[in-house]
Amino acid sequence: MTTIAQAIAQSPLPRLETRLLLQHITGLSHSQLITRDGDLLPPEQEAQWRQLCRRREQGEPVAYLLGSREFYGRTFTVNRHVLIPRPETEHLLEAALQRLPENGVLWDLGTGSGIIAVSAKCERPDARVFASDISAEALAVAQQNAAAWCAPVSFAQGAWFAANQVFRLPQHSVHVIASNPPYIEADDPHLQQGDLRYEPPAALTDFADGLAHIRHIAQHAPAYLRRHGWLLLEHGYDQETPVQALLRDAGFADVFTRRDLAGQPRVSGGRWLGDGRK
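Residues numbered from 1 in each chain as written. Predicted model: local features only at pLDDT ≥ 70, side-chain atom pairs only at ≥ 80, totals over all residues. Heavy atoms only, no water.

## A few points about the overall build of the chain
If you tally the helices and strands in the chain, you get twelve helices and nine strands. Over its C-alpha trace the chain gives a radius of gyration of 21 Å, about what one expects of a compact globule, namely 19 Å for 278 residues. For the chain, with 278 residues in total, the buried portion stands at 52%. Here the analysis covers contacts within the chain between residues at least 6 apart in sequence; of these, 64% occur between residues at least 24 apart. For the chain, the computed accessible surface area is about 13000 Å², with 49% contributed by carbon and sulfur atoms. (Helix = DSSP H or I, 4+ residues; strand = E, 2+ residues; numbered from the N terminus. Rg over C-alpha atoms; globule rule 2.2 N^0.38 Å. Buried < 20%, exposed > 50% of the residue type's maximum accessible area, 1.4 Å probe, protein only. Contact = heavy atoms within 4.5 Å. Areas by Shrake-Rupley, 256 points an atom, 1.4 Å probe, with all protein chains shown as cover.)

## Quick notes on the nonpolar core
Residues Trp107, Phe161, Ile177, Leu231, Leu247 and Phe252 are the most contacted members of the largest nonpolar core, which totals 33 residues. Listing elements by their share of this core, those giving two or more residues are β3 (105–109), β6 (174–179), α11 (212–220), β7 (225–234), α12 (240–249) and β8 (252–259). In this structure Leu231 touches Ile177, Ile217, Ala218, Ala221, Leu225, Leu247, Phe252, Ser268, Gly269 and Gly270, once residues within four positions along its chain are discounted. Grouped together as the second largest cluster of nonpolar side chains are 29 residues, Leu97, Val118, Ala127 and Ala146 included. (Core = buried A, V, L, I, M, F, W, Y, C linked by side-chain atoms within 4.5 Å.)

## Thoughts on the sheet that holds β7
One open sheet holds the seven strands; their spatial order is β5-β4-β3-β6-β7-β9-β8, and the pairing between them is mixed. The sheet terminates laterally at β5 (154–157) and β8, the two strands that pair on one side only. Averaged over neighbouring strand pairs, the angle between their axes works out to 15° when direction is ignored. Alignment of β8 against strand β9 (residues 265–272), held across six bridges, turns out to be antiparallel. Looking at β9, one finds that Thr257 is bridged to Ser268. Taken strand by strand, α12 contacts β7, β8 and β9, and its axis lies near 160° from that of β8. (Pairing = 2+ DSSP bridges. Axes fitted to C-alpha atoms, helices over the stretch in contact; angles between N-to-C directions.)

## Quick word on the pattern of salt bridges
Within the structure shown, the criterion is met by twelve salt bridges. One salt bridge connects Glu240 with Arg259, and the closest N-O pair in it is separated by 3.4 Å. Taken together, the positions of Glu240 in helix α12 and Arg259 in strand β8 put the pair 19 residues apart, joining distant regions of the chain. With a relative accessible area of 21%, Glu240 lands in the partly exposed category. Classification of Arg259 by relative accessible area gives partly exposed; the value is 45%. (Salt bridge = Lys/Arg side-chain N within 4 Å of Asp/Glu carboxyl O.)

## With respect to the environment of Ala117
Its location among the elements puts Ala117 in helix α7 (residues 115–123). In this structure, the C-alpha to C-alpha distance between Ala117 and Glu70, residues 47 residues apart in sequence, is 15 Å. Setting aside its immediate chain neighbours within four residues, Ala117 contacts Asp108, Thr111, Val129, Ala131 and Val153.

## Some points on the side chain of Thr3
Tracing the chain through its elements places Thr3 in the segment before α1 (4–10). Discounting residues that sit within four places of it in the chain, Thr3 has contacts with Asp37, Gly38, Asp39, Leu40 and Leu41.

## A short note on unusual backbone geometry
In this model, Trp160 sits at a positive phi of 50°, which is unusual for a non-glycine residue. Relative to the helices and strands, Trp160 is located in the loop between β5 and α9 (164–167). For Trp160, a relative accessible area of 14% gives the class buried. We note that Asp254 has phi near 50°; this positive angle belongs to a residue other than glycine. Considering the arrangement of structural elements, one finds Asp254 in strand β8.

## Structural notes on the pairing of β7
Counting buried positions along β7 yields eight of ten residues, so the element is predominantly enclosed. Pairing analysis gives five bridges linking β7 to β9, with the strands arranged antiparallel. By the bridge assignment, Leu231 is partnered in β9 with Gly270.

## Examining the packing of aromatic side chains
Taken as a whole and assessed by the stated rule, the structure comprises nine aromatic pairs. Plain terms: the ring middles of Phe161 and Tyr224 are 4.8 Å apart, the flat faces sit at 5° to each other, and that makes the pair stacked. With Phe161 in the loop between β5 and α9 and Tyr224 in the loop between α11 and β7, this pair connects stretches of sequence that are 63 residues apart. Members of the aromatic cluster, connected to one another through ring pairs, are Trp107, Phe130, Phe161, Phe167 and Tyr224. Positioned above the aromatic ring of Trp149 is the side chain of Arg74, whose terminal nitrogen or guanidinium carbon lies 5.9 Å from the ring centre. Its end group placed over the ring of Trp230, Arg99 keeps NZ or CZ at 4.9 Å from the ring centre. (Phe/Tyr/Trp six-rings, centres within 6.5 Å; stacked < 30°, edge-to-face > 60°. Lys NZ or Arg CZ within 6 Å of the ring centre and 35° of its normal.)

The structure is reproduced here in structure tokens:
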């Protein structure tokens, strides 16, 4: 049998990944791995450890191996049916929270694991939060996360605004629509690299120019937004100019782009000034 110290020393993985996987298998904390590093791994844990190491060596993301990822200070369940939450998406959440009025209505389009919708409801219990996704498997993950965080979010399956067949939201009734849609171009080589190889393709790319879904959302969002309501979209680092143009063409004003901590354009949005209920 192998001790914890031996497992760490013999691991083919970076030390941080090694410790995360061992914590997952043993249930020990980071400090316990240090103080109990002479403990023997039971045979079943050692077998699981070696299997996870093999899967990681083949490139499978650590988040899928652990079954979870942290986002905005909370741990969310993830699996191969949803994107792995990324720190950049916190900028989309923050932009939504800043623009959501008291007792406001937020619709998270393409919710995936539910990180935007669930986090928003936890941060703003006064808000009414709706979340939709075309994938039944993704919605199951989102609902699991909502239950884990005691966040009463309304969920529906459907492609973009078609989900309103379930919600029955009146026209011009939503204060903020937030979305992290598939925005990678179909021929982008990054789709064949790193973690992206394991994530659901339909959640990454529109299988077109990277703007197809953003274009659709911008065109149809005004029917659901209240006057002075906001549409907020996460997008690629090189899509600031075309996304801003799509928003303006759809009639949005006060168009802006928010940059991530690396200084890259990450979230663009606009305010709807057209007819609608106040």
